[in-house]
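# Report on the structure
Below are the chains, spelled out letter by letter.
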Protein chains: 4
Amino acid sequence: MPVKNFDSDAQSCVHAKHERRKDARPGELLAAALELFVEKGFAATRVEEVAKLAGVSKGTLFIYFASKEELFKAVVRENISGRFEEWNAEFENFQGSSADMLRYCLTAWWEHIGSTKASGITKLMMSEARNFPELATFYEHEVIQPGHALIGRVLQRGVDRGEFRAIDMKYGVYIVLAPMLFLAMWKHSLGACCDAGAQLVPEDYIALQAETILNGLSIRQTPPPLSQKNTAS
Amino acid sequence: MPVKNFDSDAQSCVHAKHERRKDARPGELLAAALELFVEKGFAATRVEEVAKLAGVSKGTLFIYFASKEELFKAVVRENISGRFEEWNAEFENFQGSSADMLRYCLTAWWEHIGSTKASGITKLMMSEARNFPELATFYEHEVIQPGHALIGRVLQRGVDRGEFRAIDMKYGVYIVLAPMLFLAMWKHSLGACCDAGAQLVPEDYIALQAETILNGLSIRQTPPPLSQKNTAS
Amino acid sequence: MPVKNFDSDAQSCVHAKHERRKDARPGELLAAALELFVEKGFAATRVEEVAKLAGVSKGTLFIYFASKEELFKAVVRENISGRFEEWNAEFENFQGSSADMLRYCLTAWWEHIGSTKASGITKLMMSEARNFPELATFYEHEVIQPGHALIGRVLQRGVDRGEFRAIDMKYGVYIVLAPMLFLAMWKHSLGACCDAGAQLVPEDYIALQAETILNGLSIRQTPPPLSQKNTAS
Amino acid sequence: MPVKNFDSDAQSCVHAKHERRKDARPGELLAAALELFVEKGFAATRVEEVAKLAGVSKGTLFIYFASKEELFKAVVRENISGRFEEWNAEFENFQGSSADMLRYCLTAWWEHIGSTKASGITKLMMSEARNFPELATFYEHEVIQPGHALIGRVLQRGVDRGEFRAIDMKYGVYIVLAPMLFLAMWKHSLGACCDAGAQLVPEDYIALQAETILNGLSIRQTPPPLSQKNTAS
DNA sequence: CATGAATGAGCTTTCATTCAT
DNA sequence: GATGAATGAAAGCTCATTCAT
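Residues numbered from 1 in each chain as written. Chains lettered and ligands numbered in written order. Predicted model: local features only at pLDDT ≥ 70, side-chain atom pairs only at ≥ 80, totals over all residues. Heavy atoms only, no water.

Chain A is annotated in an unreviewed UniProt entry as Transcriptional regulator, TetR family of Albidiferax ferrireducens.

Set out below in structure tokens:
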């Protein structure tokens, strides 16, 4: 994830009062801001805390970001750099069953997004979208639409190849997305501070979701009987 | 809605016009606070706005709630009042297939929680849990654990009756919960302010999730082949 | 002067912490702001000082004025309330020589403007006009133009009646205005802090200016010889 | 202009291109500072702007001036360098009528001070005198007292030679000074940003002031009758 | 010497909280 | 009880000043 580029070994050197590290600063600040914004929310995070976590003074932050709001926008943008081009290419080249493709999607998502700080953006957007409509629009174009499109293509491939049952794709994508996005949010909220969450192993969560989804998408020999309200006595 | 509990008997007192609904104040404040906290988050909501929305002055709010934090806690507590006793009773009395039971769960959840303001609590907890650990614990005991237990019983009933395949219940409950909780959060965040979200019809979303989950939990005649990494050429 | 309306006996009562004097506040704040802005300039005056001088807290100031800049604008506007209507009426009704009229102008100006806090506005505008173009335009319309017009009428009356010699009125008005405005500015700057200024008695200053101006405007029997450069002695 | 004194011999040093004019730096900084201080006032001028206008970095400014205040003081001191010795010499040598002498004073003042950046000092002192008492005292000794003395001598010469009427010199000097100093201030404040000011031609302004002052100082054949309040015409 | 990244005191502004009415 | 004027701690942001390079 982009943020990682910057953290590297910032801690390893002794900082003098006026050490110049101009090109490293923005990344360090963005990483610090991401962490705190995700943890405490935008409004409850003080710029001084961000600066402190990045190892600089309050004033320095404002050299690189004109305002707290600009910092927020930069955090979101920084962590959304188009990964979709790469993923779409992977989709084109994938050889294998659609079930495998879907499993790969989920695993890769966890590996590259879910388990990294980038997953914090999901929680951040959910928490702050309504306070930053401009960012919400940006996020919709940069993440939601490409994401839906990609998952839609994966599912459609399965349908086209007779591997998945036909579904309304508009809602179908959420079969895959909802469990993953919930995981991302859970991880950064209750999962980070309550017992129930502490015990959840993401890989196991994903494994069960994957098999259930695949089973759910499969074409059954005998469909389950349509239910009538409180049918059986 | 839980909040209503508070106002409910407010009508019964007959005073002069100007003093009417005096004991309804806390309920009105809680409703206003829920709405604004959900929309803007705790920190970004001003108590004056809450008071205004409730039709009282800022000072009045502090007569009923010692601080903004106490107001927040009251909002959460008030809106997760134990409905589980009732629901557990429904579970005991339910006559019908486990598939129907699960469908009923999802439908009832939407009707009583998802579509009401109470769903905002889910978003609130996700956004603020880490700032209110005490509340997170409370929420875990009052909502998460009973919720998991209830869903767990529903699924276990299906397994026990040979209707659902056996799964690790610790993760199994999320098969049902994740799509619903994601819907609740989405509705109050991006869904409330971006195009993609505007077009989502919750009932249709839930219907597809329900059938997919049931299909996913079903015992298949022929299980899908275990996948090897990039099996087919 | 408008400002005076407010100072009255503010000091005479004992202030409790939360005493309510809502309608008196703006005036007290404007008076305090005028004093400090004139003394130290806009930028060098801190809002907290203004509040303190007005006997309120920092926060209170912002209840009445949205920003420091709005406070500044209000100070200027407050002290410019149209006195010109009244003065123009006086002009119409004046019975007497134009010399007397001019003397009366200067005396009245000192009495109602020059000697009061309102004269500080002159210094304030001179110091800050270029930082507040919007206010400069406002001041031009509300003060400069009516002022020039009024003085112009007074002088023109004298010319028309054969009392004053004919002059280009565009520059003529400054014969009267310059000495008065200089006095106002001097009084609030060097005059307030240096020995030379301390000894200047405004009434005497004005008396001499008046007689010299009148003499200067008079129609001489024998005009002074046109000078050639460095005429022989 | 005084500032030039500083640069003057800067051309004589022959270095490499990049090092050229090294010793001109302070002069360039002072010129830049004068311009900005006059335009925006001391407090509202940022040292970075001054440095930029002088073509150097912020840090460089502090090599030459210990603080912003010191820079301000240097600007004032630099621009009021004693021209009075020269002017007093001119006074001694002047051959001609006192009227001519006075006309020459006004013309020369405009030429050497009024029309140059040095006139900005007048505005600067008026605006900031009370924030810099030390400078005010300095200014009083270096400018005000010599200036008053010089003008006083000119007027006294006229009186002594029977050319001007006798006046109290303490106030008499302002007959000459007030219109000129007002012009200087006007030019750098409202005159620089409002329509009324834009149309004022200084030479014409001075010409009319000169003739009116001379007329006003002249000994009249028939003095104007002492006015009684509202005397009938 | 010159630079400009970094600092942090200081200022404007906000807003939860108080309390006289 | 209800009000809303008043408070002041706290937060965002600025900018004179420093100093390693």
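## Observations concerning the UniProt feature "DNA-binding region" (unreviewed entry) in chain A
The UniProt feature table records "DNA-binding region" (unreviewed entry) at residues 46-65 of chain A. Between the C-alpha atoms that bound residues 46-65 of chain A the distance is 14 Å, and the span itself is 75% helix and 0% strand. (UniProt positions renumbered as here; feature names shortened; annotations may be inferred. Helix = DSSP H or I, 4+ residues; strand = E, 2+ residues; numbered from the N terminus.)

## A word on the relation of the copies chain B and chain A
Between the two copies of this chain, the relationship is a rotation about some axis together with a displacement along it. Under the fitted operation, chain B is carried onto chain A by 0.0 Å of movement along the axis and a turn of 180°, and the coordinates agree to an RMSD of 0.2 Å. The superposition of one copy onto the other is thereby described by a two-fold rotation axis. The rotation axis passes nearest to the C-alpha of B:G216 in chain B, at a distance of 1.8 Å. A share of 100% of interface residues in chain B that are also interface residues in chain A marks the association as one of identical surfaces. (Least-squares fit on C-alpha atoms with pLDDT ≥ 70 in both. Contact = heavy atoms within 4.5 Å.)

## Some words on the nonpolar core
Judged by nonpolar contacts, the single largest core of 156 residues is most densely connected at C:Y205 and D:Y205. Residue contacts for D:Y205: discarding those within four places in its chain leaves C:Y171, C:Y174, C:A178, D:P179, D:M180, D:F182, D:L183 and D:L200. A:L30, A:I175, B:F94 and B:M169 belong to the second largest nonpolar core, which has 153 residues in total. (Core = buried A, V, L, I, M, F, W, Y, C linked by side-chain atoms within 4.5 Å. Buried < 20%, exposed > 50% of the residue type's maximum accessible area, 1.4 Å probe, protein only.)

## As for the packing of aromatic side chains
How two aromatic rings sit relative to each other is set out by the distance from centre to centre and by the angle between their planes. Under the definition given, this model contains 48 aromatic pairs over all chains. Measuring from ring centre to ring centre gives 4.9 Å for C:F42 and C:F132, while their planes differ by 85°; the resulting arrangement is edge-to-face. On the criterion of sequence distance, the pair formed by C:F42 in the loop between helix 2 (25-40) and helix 3 (47-54) and C:F132 in the loop between helix 8 (119-128) and helix 9 (133-160) is long-range, its members being 90 residues apart. No difference in accessibility class separates C:F42 from C:F132, as the two residues are buried. Judged by centre distance (5.3 Å) and plane angle (90°), the rings of D:F84 and D:W87 are edge-to-face. Separated by three residues within a single helix, D:F84 and D:W87 lie in helix 6 (residues 84-93), roughly one turn from each other. An aromatic cluster is present here, built from A:F37, A:F42, A:F72 and A:F132 joined pairwise through their rings. Here the basic side chain of A:R77 rests over the ring of A:F138, its NZ or CZ set 4.8 Å away from the ring centre. (Phe/Tyr/Trp six-rings, centres within 6.5 Å; stacked < 30°, edge-to-face > 60°. Lys NZ or Arg CZ within 6 Å of the ring centre and 35° of its normal.)

## A word on the interface of chain C and chain D
Across the boundary between the two partners, chain C contributes 68 residues, which contact 66 residues of chain D. Summed over both sides, the interface of chain C with chain D buries roughly 6,000 Å², with 60% coming from carbon and sulfur. Our count for the contact surface shared by chain C and chain D stands at zero salt bridges. Across the chain C-chain D interface, the total number found is 17 residue pairs in polar contact (both at pLDDT 80 or more). Among the elements of the structure, helix 2, helix 7 (98-114), helix 8, helix 9, helix 10 (169-188), helix 11 (195-198) and helix 12 (202-217) of chain C are those that each provide at least two residues to the side of chain C that touches chain D. With 12 residues, the single largest contributor to the side of chain C that touches chain D is helix 10 of chain C. By residue class, the composition of the side of chain C that touches chain D is 32 nonpolar, 20 polar and 16 charged. (Buried area = accessible area lost by both parts, 1.4 Å probe. Salt bridge = Lys/Arg side-chain N within 4 Å of Asp/Glu carboxyl O. Polar contact = N/O pair within 3.5 Å; in protein donor to acceptor, adjacent residues only side chain to side chain. Nonpolar A, V, L, I, M, F, W, Y, C, P; charged D, E, K, R; others polar.)

## Some words on the relation of the copies chain C and chain D
If you rotate chain C by 180° and push it 0.0 Å along the axis, it lands on chain D with an RMSD of 0.1 Å. With an isologous cut-off of 70% or more, the 96% of interface residues of chain C that recur at the interface of chain D puts this contact in the isologous class.

## Description of helix 2 (residues 25-40) of chain A
Residue and element names in this part refer to chain A. The terminal C-alpha atoms of helix 2 lie 22 Å apart, and with 16 residues this matches the ideal 22 Å at 1.5 Å per residue to within 8%. Of all 16 residues that make up helix 2, 12 are buried, and the element is covered over most of its length. Restricting attention to buried positions, one finds in helix 2 the residues R25, G27, E28, L29, L30, A31, A32, A33, L34, L36, F37 and V38. Taken from the residues just after helix 2, G41 is the one with a positive phi, measuring 90°. (Expected span 1.5 Å × (residues − 1).)

## Quick look at the protein's contact with DNA strand E
What surrounds DNA strand E is a group of 39 residues, the closest being A:S57, A:T60, A:Y64, B:K68 and D:T60. Taken together, the sugar and phosphate atoms account for 64% of what DNA strand E places within 4 Å of the protein. Here A:S57 contributes a backbone N or O atom positioned 2.8 Å from a phosphate oxygen of DNA strand E. One of the side-chain N or O atoms of D:K58 is found 3.4 Å from a base nitrogen in DNA strand E. The residue makeup of the surface near DNA strand E, split by class, is 10 nonpolar, 12 polar and 17 charged. (Near = heavy atom within 4 Å.)

## What about the pattern of salt bridges?
Pairing between side chains of opposite charge can happen when the charged atoms of each approach one another. All chains considered together, the criterion is met by 42 salt bridges over all chains. B:K73 is paired through a salt bridge with B:E70; the nearest N and O atoms lie 3.7 Å apart. Of the two residues, B:K73 and B:E70 both sit in helix 5 (residues 68-78), three residues apart, roughly one turn of that helix. Residue class for B:K73 comes out buried when judged on its relative accessible area of 10%. Taking the relative accessible area as the measure of exposure, B:E70 reaches 35% and is therefore partly exposed. A salt bridge links D:E92 to D:R153; its shortest N-O distance comes to 2.5 Å. Placement of the pair is D:E92 in helix 6 and D:R153 in helix 9 (residues 133-160), with a sequence separation of 61 residues. Residues participating in the shared-partner salt-bridge network are B:E70, B:K73, B:R77 and B:E134.

## Some words on the interface of chain B and chain A
Opposite the 68 residues of chain B that make contact, chain A presents 68 residues. Where chain B abuts chain A, roughly 6,000 Å² becomes buried across the two surfaces, and 60% of that area is made up of carbon and sulfur atoms. At the boundary of chain B with chain A, the tally comes to 17 residue pairs in polar contact (both at pLDDT 80 or more). For the side of chain B that touches chain A, the secondary-structure elements that each account for two or more residues are helix 2 (25-40), helix 7 (98-114), helix 8 (119-128), helix 9 (133-160), helix 10 (169-188), helix 11 (195-198) and helix 12 (202-217) of chain B.

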